[in-house]
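Examination of the molecular architecture
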Amino acid sequence: SGLEFVFGIPSTVGGLVRMNAGAFGREINDVLVSCEILTPAGEVELLKPKMSYRFSEIDGIVLSATFVLDYLESHEISSEIKRLTALRMEKQPQEPSCGSVFKAHQNESAAKFIEATGLKGMRIGGAQISPKHCNFIVNLGGATTKDFMELCEKVEETVYYEFGIKLEREFKYLGET
């Protein structure tokens, strides 16, 4: 037990560690002991990276991770996963998405700023700023990377124009649109 909070986050173990993913007041840093990294120089390093909100100092590919976990009976773990899943179902969209798009800004949810701009529900192609939780961009069917990235840029530009706030993306984009 100890990783129930990541259940349902669309990611790999490497991605969870690299981004210090979190939910429900917990983050990977809370349970990470160490990770094995393939550096850009081609070397393998074992380290406990410095981490902060949705950030790690990792420069490379996470090959493995070691976590400190607690022992609980399987029914207790299942119960916690069900509880957290119910919270997600209530508050987050159920359409396919890549999870939260933007980091909180000075302890204020990015969704608060996005909603205040009136962009909630905006659609480009098959991608839409979720009407249920506007820090999610959902795939309504056939959304392309280009659709998703254009919506991200629209949100960033609009929030900056209206509030002078530069939202930071939670995800890392590794390709071209």
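Residues numbered from 1 in each chain as written. Predicted model: local features only at pLDDT ≥ 70, side-chain atom pairs only at ≥ 80, totals over all residues. Heavy atoms only, no water.

1. Observations regarding the side chain of R54
Test applied: Counting from the N terminus, the helices are DSSP H or I runs at least four residues long and the strands are E runs at least two residues long. Exposure is judged per residue with a 1.4 Å probe applied to protein chains only, and the accessible area is read against the type maximum: over 50% gives exposed, under 20% gives buried, and values in between give partly exposed. For the purposes of these results, a polar contact is taken to be a pair of N or O atoms within 3.5 Å, where, inside protein, one atom must be able to donate a hydrogen and its partner to accept one; residues adjacent in sequence count only when each atom of the pair is a side-chain atom. Two residues qualify as a contact provided that any one of their heavy atoms is within 4.5 Å of a heavy atom in the partner residue.
As for its placement among the helices and strands, R54 is situated in the loop between β5 (51–52) and β6 (55–56). Overall, R54 belongs to the buried group, its relative accessible area being 13%. Within the structure, the side chain of R54 is placed 3.4 Å from the backbone oxygen of N20, a separation counted as a polar contact. The contact partners of R54, leaving out residues within four places of it in the chain, are M19, N20, A21, G22, A23, E27, K103 and E170.

2. So, a nonpolar patch on the surface
As a reminder of what qualifies: Candidate patch residues must exceed 30% relative accessible area and have no salt bridge, after which like charges are joined if within 9 Å and Val, Leu, Ile, Met, Phe, Trp or Tyr side chains if within 5 Å. The protein chains shown are the only cover counted for residues, whose accessible areas, like all others here, come from Shrake-Rupley with a 1.4 Å probe. The salt bridge criterion pairs a side-chain nitrogen of Lys or Arg with a carboxyl oxygen of Asp or Glu, the two atoms within 4 Å.
Judged by side-chain polarity, V44, I61 and L63 come together as a nonpolar surface patch covering roughly 280 Å² of accessible area. One can find V44 in strand β4 (residues 44–47).

3. Some remarks on helix α3 (residues 110–117)
Short version of the rule: Note that the arc is defined by the directions from the helix axis to the C-beta atoms.
Here α3 has its buried residues at A110, A111, F113, I114 and T117. In an axial view of α3, the angular spread of the buried residues amounts to 160 degrees, which keeps them on one side of the axis. The inward-facing, buried residues of α3 contact β10 (127–129) and α4 (145–163). The backbone nitrogen of A111 lies 3.0 Å from a side-chain oxygen of the residue at the head of α3, namely S109. Just past α3, the residue G118 takes up positive phi, approximately 85 degrees.

4. Here we look at the nonpolar core
Put simply, the rule is: Remark: nonpolar core denotes a set of buried residues (Ala, Val, Leu, Ile, Met, Phe, Trp, Tyr, Cys) joined through side-chain atoms within 4.5 Å.
Judged by nonpolar contacts, the single largest core of 21 residues is most densely connected at F102, I114, I129, I137, V155 and L167. At the level of secondary structure, the elements contributing two or more residues to this core comprise α3, β10 and α4. The greatest single-element share of this core, amounting to six residues, is contributed by α4. Excluding residues within four positions of it along the chain, I137 makes contact with P96, S97, C98, V101, A127, Q128, I129, F148, L151 and C152. Counting 13 residues, the second largest nonpolar core, distinct from the first, contains L16, I28, C35 and L84.

5. Description of the pattern of salt bridges
Counting across every chain of the model gives eight salt bridges. Close ionic contact of E168 with K103 constitutes a salt bridge, the shortest N to O distance being 3.4 Å. Residue E168 is located in the segment after α4, and its partner K103 is located in the loop between β8 (97–100) and α3; the two are separated by 65 residues in the primary sequence. Classification of K103 by relative accessible area gives buried; the value is 10%. A salt bridge links E115 to K120; its shortest N-O distance comes to 3.3 Å. The exposure class of K120 is partly exposed, given its relative accessible area of 30%.

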